[in-house]
Amino acid sequence: MTESPEDGVASWTETMSARERIRSVAETLSKPRSTNWISDQADAAWSTTNDELNDLIEQGRLRRIEAGDTTLYQPDYTRLLFDEIRTLIEENTRDELQSELTAIAEEVEGWQETYDVETWKELEQSLADGEVSSAEIRERREIIAFWRANEEDRQLIKHALELYSDVETTRKQMTDAADRATS
């Protein structure tokens, strides 16, 4: 969901609690938003939204920004980054992460060859070519979105691989310390 949950409010309001909807909206913001905006998007009471936003701040998941007389909220993007890296490390082996990097590289190389471009930006520029049909434009726009997502995934995987050994060492130290404490 990218800041437009109103498109699916009927379906998601039936399956999620108000607090879950508020968290979902607040943690996916791409720019700072007010309590009123978040409350409206989450289809939740203002007081519930305010309480949940304060809880998320206490948990370190959100940041509060004072903009004049208005209080705005945005995700703690640093924490989200590290949470994503941690999840990659916990849910994948080093080999699986390396294989995913290879798959991403192969997919990008295929697009580069197919469209005779080096970057997604070059492919985006080709959309204005008068000889490209509407179907081809739609296809290229979809590929551009995948390409950009692949670049983000590649960067996250790269960070995860860089930290993999450190996390494994720390995890082992914690496990050893816990074992000694319970022995």
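See the structure above.
The structure displayed is predicted, hence computed values, not measured ones. (Residues numbered from 1 in each chain as written. Predicted model: local features only at pLDDT ≥ 70, side-chain atom pairs only at ≥ 80, totals over all residues. Heavy atoms only, no water.)

Examining the pairing of strand 2 (residues 62-67)
Inference 1: In the sheet, strand 2 pairs with strand 3 (residues 70-75) via 6 bridges, with the strands oriented antiparallel. Bridging across to strand 3, Arg64 finds its partner in Tyr73.
Inference 2: What sits between the antiparallel neighbours strand 2 and strand 3 is a turn of 2 residues, in which Gly68 has the positive phi angle 70°. (Pairing = 2+ DSSP bridges. Helix = DSSP H or I, 4+ residues; strand = E, 2+ residues; numbered from the N terminus.)

A word on the sheet that holds strand 1 (residues 33-34)
Inference 1: Taken in spatial order, the 3 strands line up as 1-3-2 in an open sheet, and their pairing is antiparallel. Looking at which strands have only one partner, the edges of the open sheet turn out to be strand 1 and strand 2.
Inference 2: The pairing of strand 1 with strand 3 spans 2 bridges and is antiparallel. Counted as the bridge partner of Ser34 is Leu72 from strand 3.
Inference 3: Contacting strand 2 and strand 3, helix 4 (residues 46-58) crosses the sheet at an angle of about 115° to strand 2. (Contact = heavy atoms within 4.5 Å. Axes fitted to C-alpha atoms, helices over the stretch in contact; angles between N-to-C directions.)

Description of the pattern of salt bridges
Inference 1: Applying the stated criterion across every chain, the model contains 9 salt bridges.
Inference 2: The shortest N-O distance in the salt bridge between Glu52 and Arg23 comes to 3.0 Å. On the criterion of sequence distance, the pair formed by Glu52 in helix 4 and Arg23 in helix 2 (residues 18-26) is long-range, its members being 29 residues apart.
Inference 3: Residue classification places Glu52 among the buried residues on the basis of a relative accessible area of 4%.
Inference 4: Across the pair Glu90 and Arg86 runs a salt bridge, and its minimum N-O distance is 2.8 Å. Here Glu90 and its partner Arg86 are both found in helix 5 (residues 77-91), 4 residues apart, which amounts to about one turn of the helix. (Salt bridge = Lys/Arg side-chain N within 4 Å of Asp/Glu carboxyl O. Buried < 20%, exposed > 50% of the residue type's maximum accessible area, 1.4 Å probe, protein only.)

Looking at the nonpolar core
Inference 1: Membership of the largest hydrophobic core comes to 19 residues, with the highest contact counts inside it found for Leu88, Leu97, Leu123, Ile143, Trp147, Ile157 and Ala160.
Inference 2: Only helix 5, helix 6 (94-115), helix 7 (120-125) and helix 8 (134-182) provide two or more residues apiece to this core.
Inference 3: Top contributing element to this core by residue count: helix 8, with 8 residues.
Inference 4: Non-local contacts of Leu97, meaning those with residues more than four positions away in its chain, are made with Leu88, Asn92, Ile157, Ala160, Leu161 and Tyr164. (Core = buried A, V, L, I, M, F, W, Y, C linked by side-chain atoms within 4.5 Å.)

Points about the packing of helix 2 against helix 3 (residues 35-42)
Inference 1: Running from N to C, helix 2 and helix 3 cross one another at 120°; their axes reach a closest spacing of 9 Å. As summarised for this structure, helix 2 and helix 3 are arranged oblique, according to the angle between their axes. When the axes of helix 2 and helix 3 are compared, the crossing they make is right-handed. On helix 3, the residues touching Arg21, Ile22 and Val25 of helix 2 are Trp37, Ile38, Gln41 and Ala42.
Inference 2: Taken together, the residues of the contact of helix 2 with helix 3 break down into 5 nonpolar, 1 polar and 1 charged. (Parallel < 35°, antiparallel > 145°, perpendicular 65-115°, else oblique. Left-handed = near helix turned anticlockwise from the far one by under 90°. Nonpolar A, V, L, I, M, F, W, Y, C, P; charged D, E, K, R; others polar.)

Function-wise, these values are silent; they only describe arrangement.
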